[in-house]
Amino acid sequence: MATTRTPARAWQRMLSGRRLDLLDPTPFDIEIEDIAHGLAFVARWNGQTRGDFPYSVAEHSLLVEEIYGRLQPDASARNRLFALLHDAPEYVIGDMISPVKAAVGPGYADLDKRLAAAIHIRFGLPAHPPEAEKARIKAADRVSAWFEATRIAGFSKTEADRYFKPSRLELMEGIEVTLRPPRDVRQAFVARHEELIAQCR
């Protein structure tokens, strides 16, 4: 007699009570508090960073948005919100370093894209940023990666130059990589999100 298998669970229960379907995410199941909480507990660089606290994706996202604002001083609040949320899907799928993403293949990128679209729509943005803006955010992301790599992740400047190919490092003047308890960075992420949402209205 054939037995039927229970389908593998493809959803995650969030602290807000929402049930997020990873294969078919909808904006209705996304809350900024869940994103901020998740990102504040996801470590960049696989946790291989100096300091008493992990360097979180939430902290990185705040840094990228600040760098993006320096690169694009006339950027709209809407585009700055895209920058703040550029790694938001990692609140449920985690942060994979580039070599692991390459090994996993296109499935990771597809999942990331679906989640990003739902997140953007939830906060009043188009599903995908314009290509030109996406490239500018990526440029800010590379500057951030170079800075993090050399300050807290043990890379030499030569290695960082080779792998992250940043430009306009002068934009980092006066900025430091911050390591804070998850509670503090979670609050900072939510606060910045609320500021940008208010400016978008």
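It should be noted that the structure appears before, not after, this text.
Below is a summary of the structure that appears in this document. Along each chain, the written sequence defines residue order, and numbers are assigned to residues from 1. This being a predicted model, a pLDDT of at least 70 is required before a residue's local features are given, and a value of 80 or more before pairs of side-chain atoms are given or counted; all residues contribute to the totals for chains, interfaces and linings. Water and hydrogen atoms play no part in the side-chain values, which are based on all heavy atoms of the structure.

In this section: the overall build of the protein chain. Helix and strand counts for the protein chain stand at 9 helices and 2 strands. The secondary structure listing takes helices from DSSP runs of H or I that are at least 4 residues long and strands from runs of E that are at least 2 residues long, numbered from the N terminus. Secondary structure elements of the protein chain, listed N to C terminal, follow the sequence β-β-α-α-α-α-α-α-α-α-α. Overall, the C-alpha framework of the protein chain stretches about 65 × 40 × 35 Å when taken along its three principal axes. Exposure was quantified through the Shrake-Rupley algorithm and a 1.4 Å probe, taking into account, for residues, occlusion by the shown protein chains and nothing else. Taken as a whole, the protein chain presents about 11100 Å² of accessible surface, with 52% of it coming from carbon and sulfur. When charges are counted, Lys and Arg are positive and Asp and Glu negative, with His and the chain ends excluded. Taken as the charge location is NZ of Lys, CZ of Arg, CG of Asp or CD of Glu. Taken together, the 28 basic and 28 acidic charged side chains of the protein chain have centroids lying 3 Å from each other.

Next up on the list: the packing of aromatic side chains. What characterises a pair of aromatic rings is the spacing of the ring centres plus the angle enclosed by the ring planes. A pair of Phe, Tyr and Trp rings is counted when the ring centres sit within 6.5 Å of each other, with Trp represented by its six-membered ring. The angle between the planes then sorts it: under 30 degrees is stacked, over 60 is edge-to-face, the rest tilted. Evaluated as defined, the whole model comprises 3 aromatic pairs. The interplanar angle of 50° and the centroid separation of 5.7 Å between the aromatic rings of F155 and F164 together place this pair among those described as tilted. Of the residues examined, F155 reaches a relative accessible area of 25% and is grouped as partly exposed. We call a residue buried when its accessible area falls under 20% of the maximum for its residue type, exposed when it is over 50%, and partly exposed in between, using a 1.4 Å probe and counting protein chains only.

A fitted line through C-alpha atoms represents every axis, and for helices the fit uses only the stretch in contact; the resulting angles, taken between N-to-C directions, go from 0 to 180 degrees. One way to put it is that helix α7 (residues 131-151) packs onto helix α8 (residues 157-164) with a least axis distance of 9 Å and a crossing angle of 155°. Between α7 and α8, the angle is such that the two are roughly antiparallel. Between α7 and α8 lies a crossing of right-handed hand. Together, R142, A145, W146, A149 and T150 of α7 and K157, A160, D161 and F164 of α8 make up the contact between the two elements. For this classification, Asp, Glu, Lys and Arg are treated as charged, while Ala, Val, Leu, Ile, Met, Phe, Trp, Tyr, Cys and Pro are nonpolar and the rest, including Gly, are polar. For the contact of α7 with α8, the class distribution of residues is 5 nonpolar, 1 polar and 3 charged. Angular relationships are summarised with four words: roughly parallel below 35 degrees, roughly antiparallel beyond 145, roughly perpendicular across 65 to 115, and oblique for the angles in between. Crossings are sorted by hand: turned counterclockwise from the far helix by less than a right angle, the near helix makes the crossing left-handed, and turned clockwise it makes it right-handed. We call two residues in contact when some of their heavy atoms are within 4.5 Å.

The next thing to look at is the pattern of salt bridges. Should a side-chain nitrogen of Lys or Arg be within 4 Å of a carboxyl oxygen of Asp or Glu, the pair is scored as a salt bridge. The full count for this structure, using the stated rule, is 11 salt bridges. Of the charged contacts, one joins R122 and E31 as a salt bridge, the two residues approaching to 3.3 Å between their closest N and O atoms. Linking R122 in helix α6 (residues 106-122) with E31 in the loop between β2 (19-21) and α1 (32-40), this pair joins segments that are 91 residues apart in sequence. The network of salt bridges with common partners includes E65, R80, R192 and E195.

Turning to unusual backbone geometry, a few remarks are in order. Apart from glycine, the bulk of residues carry a negative phi angle, and the bulk of peptide bonds sit in the trans form. Even without glycine at this site, W45 takes up a positive phi of about 60°. In this structure, N46 takes a positive phi of about 55° despite not being glycine. Assignment of secondary structure puts N46 in the loop between α1 and α2 (57-71).

Attention now moves to α1. For α1, the tally of buried residues reaches 7 of 9 residues, placing the bulk of the element in the interior. Of all the positions in α1, only I32, D34, I35, A36, G38, L39 and A40 are classed as buried.

Side chains that are three or four residues apart share a direction in an α-helix, a result of its 3.6 residues per turn. Here the expected length of a helix is defined as 1.5 Å per residue gap, with one fewer gap than residues. Across its 15 residues, α2 extends 20 Å between first and last C-alpha, which sits within 8% of the 21 Å expected from 1.5 Å per residue. With respect to burial, α2 is a largely interior element, 13 of its 15 residues being buried.

Mapped onto the elements, F53 comes out in the loop between α1 and α2. Judged by relative accessible area, F53 falls into the partly exposed class, the value being 32%. Along the primary structure F53 and R180 are separated by 127 residues, whereas in three dimensions their C-alpha atoms are 6.3 Å apart. Discounting residues that sit within four places of it in the chain, F53 has contacts with L179, R180, P181 and P182.

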